[in-house]
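Here's the letter readout for the chains.
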Amino acid sequence: AYQAVKYQSRDGWSHRDLLRLAHPVAVDDTHNAIFHWITQGWSEVGDEPHPDEALRTIWAYERAKRAGSVAEIAGLIRDYNLPREAVPTHWLVQREVWAALLDSDMPMTAMIRNLATMTRVGLLTPMSEAAAKVTAELINRERLVAARVHPIALLSALVTYQSGSGVRGWGKWQPVAEVVDALDAAFYLAFDAVTPANRRMLLALDISGSMGMGMVAGVPGLTPRLGSAAMALVTAATERSHAFVAFTNGKYPSLYSKSGIGSGITQLVISPRQRLDDAVRALSSLPVGGTDCALPMVWATKYKVPVDTFVIYTDSETWSGDIHPVQALRKYRERMGIPARLVVVGMLSNGFTIADPDDAGMLDVVGFDSATPELISGFARGDI
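On a predicted model such as this, the values are computed, not experimentally measured, just so you know.

## Side note on the pairing of strand β3 (residues 201–206)
Within β3, 6 of the 6 residues are buried, which leaves it mostly tucked inside the rest of the structure. Burial along β3 is two-sided: the residues Met201, Leu203 and Leu205 and Leu202, Ala204 and Asp206 are all buried. The pairing of β3 with strand β4 (residues 242–248) spans 6 bridges and is parallel. From the neighbouring strand, Met201 faces β4, where its bridge partner is His242. Two elements, β3 and strand β7 (residues 309–314), share 5 bridges in a ladder whose sense is parallel. Across the sheet, the residue bridging to Leu202 is Phe310, located in β7.

## What about the environment of Val149?
Tracing the backbone through its elements, the reader meets Val149 in the loop between α10 (141–146) and α11 (151–163). Residue Val149 is classed as buried on the basis of its relative accessible area, which comes to 4%. Measuring from C-alpha to C-alpha, the distance between Val149 and Ser370 comes to 9.5 Å, with 221 residues separating the pair along the chain. Discounting chain neighbours no more than four positions away, the residues touching Val149 are Met108, Thr109, Ile112, Leu144, Leu154, Ala190 and Ala193.

## Describing the pattern of salt bridges
Summed over all chains, the structure comprises 16 salt bridges. A salt bridge links Arg281 to Asp278, with the shortest nitrogen-to-oxygen separation between them at 2.3 Å. Taken together, the residues span about one helical turn, with Arg281 and Asp278 both in helix α14 (residues 276–284) at a distance of 3 residues. Judged by its relative accessible area of 32%, Asp278 falls in the partly exposed class. A salt bridge links Asp356 to Arg330, with the shortest nitrogen-to-oxygen separation between them at 2.3 Å.

## Things to note about the confidence of the model for the chain
For the chain, per-residue confidence averages 86 on the pLDDT scale, and residues scoring 70 or more make up 93% of the total. pLDDT under 50 marks residues 251–261. Its contacts with residues more than four places away, or in other chains, come to 30 contacts.

## Structural notes on helix α16 (residues 325–336)
When the terminal C-alpha atoms of α16 are compared, their 16 Å separation across 12 residues agrees well with the 16 Å that a helix rising 1.5 Å per residue should span. Looking only at α16, the buried set comprises Pro325, Val326, Ala328, Leu329, Tyr332 and Arg333. Within α16, the buried residues cover an arc of 165 degrees as seen down the axis, which keeps them to one side. Structural note: α16 exposes Glu334 and Arg335 on the side pointing more than 90 degrees away from its buried face. Contacts from the buried residues of α16 go to α15 (295–302), β7, β8 (341–346) and β9 (362–366). Directly after α16, the chain includes Gly337, whose backbone phi takes a positive value near 65 degrees.

## With respect to α11
Across its 13 residues, α11 extends 18 Å between first and last C-alpha, which sits within 8% of the 18 Å expected from 1.5 Å per residue. Counting buried residues along α11, 10 of its 13 residues qualify, which places the element largely inside the surrounding structure. Turning to α11, its buried residues are Pro151, Ile152, Leu154, Leu155, Ser156, Ala157, Leu158, Val159, Thr160 and Tyr161. In the stretch just after α11, Gly164 is the one whose phi turns positive, near 75 degrees.

## Focus: the packing of aromatic side chains
A full pass over the atoms with the stated rule returns 8 aromatic pairs. Cluster of aromatic residues (ring-pair linked, three or more members): Phe187, Tyr188 and Phe191. Taking NZ or CZ as reference, Arg341 lies 4.6 Å from the ring centre of Phe379, over its face.

Cut-offs applied
- Residues numbered from 1 in each chain as written.
- Predicted model: local features only at pLDDT ≥ 70, side-chain atom pairs only at ≥ 80, totals over all residues.
- Heavy atoms only, no water.
- Buried < 20%, exposed > 50% of the residue type's maximum accessible area, 1.4 Å probe, protein only.
- Helix = DSSP H or I, 4+ residues; strand = E, 2+ residues; numbered from the N terminus.
- Pairing = 2+ DSSP bridges.
- Contact = heavy atoms within 4.5 Å.
- Salt bridge = Lys/Arg side-chain N within 4 Å of Asp/Glu carboxyl O.
- pLDDT = per-residue confidence, 0-100.
- Expected span 1.5 Å × (residues − 1).
- Arc of directions from axis to C-beta.
- Phe/Tyr/Trp six-rings, centres within 6.5 Å; stacked < 30°, edge-to-face > 60°.
- Lys NZ or Arg CZ within 6 Å of the ring centre and 35° of its normal.

Put into C-alpha cells, the structure is as follows:
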C-alpha cells in the first residue's frame, strides 16, 4: 500500500497501466482491495480509519486529498507515515507540513533532495531542532550506507544547497551552516556505500582551464574539475588497485606526444584522506596540457602498467595526437595480454565520440550525473 501511494507513476507508466495489461490475480483480500483502488479508486472514504492496517495508508492518502487545514494534513502524515508524494501540492509550502514529514521517518534520499525546500519554508534554521535532526541523519554512516547514497549525489546536494539558489534559477534560501558542514562530512562518510569494481583502474584527469567552467548535471558551481576530483577521491577510497594521471604540459611529464606539442601526462598521488578542496587545488596547480585521450594507454604500454579499466574524465574538449585512443587501447591489449576496457567520460554534454561502437569494451559517457559512477563500476566489472 505504501509503495502504491508513493510511486504511482514513473516514466509515463502507472500502476494502473501495469495492472490493466498484466491482469494479476490478487493473493488475498487486502491485495485485491489495493488493486481495486489502483485501477478504479474507492467510491467512499469514511471518517474512520480502515480496519485493515495495510489499507489505512490508502485511507489516509484519500483523506489527505480532502484535508481542510494544516493541522489535519500534518496529523495524517504523522499518524499514518504518509510520504511527500501523498501530500497535495498546495500544502507543501507550509512549515508544519514539512516538520511532520521530517518527523515521520523521511527516507534519506528524500531528505537530501528537500533540504532547500525545508530551509525555504523556514523549518531548517540555525540551531533549530529540525536542523539538529537533519545533521544527525546526514552524518549517520549506517543510514547513508543502508540508503546507498553515492558520494557524488551528496556533492551535488552540497554545491546546490550552499549556493542558496535553485538549479533553474527560481527559489532562494539562506543556507544553514550546520547543514552545509553535515553535507560535506556525509560526502566522505558515503564512500562506504560505493560498490567497488575490484578491478585495476587507471584514472586520467583533464586539468585544462575549461574544466573549471560549465556546470555538471546543471548544478551551478559543480564544475567538471570539481566533479572529476571528487570521483578521484571516491575511487581512491574504494578501489584497492588504482592509479591516477593528469593531462599536463609536454615539458613536464614523463611522456608526451611527438605531434601534439604540449600534450603529456603526469602521475598523481591522491589520497582519500585529502579534503576535496585540497585535491582541487592540487589539480589546479599543475601545468596545463592538451587532452590526448590516447596517452593513458600509451603510457601504460610503455611502462607495462597492468590495467583492467582506463577511465578518462574530461569536459569533451578532446583531441588525438600520434595515435587514436581506440588504436592505443588495442595495442595495449595485444602487448599486455589484458582485455582492458576504456571509459571516456565527457563531464559536460558536448557532442563527442571516441569509443568504437563495435567494441563492447569501450564506453562513451556524454554528460555526467549521480548515476554515472555506478554505471562505470558496473561496466568495469563486466556487468554491463
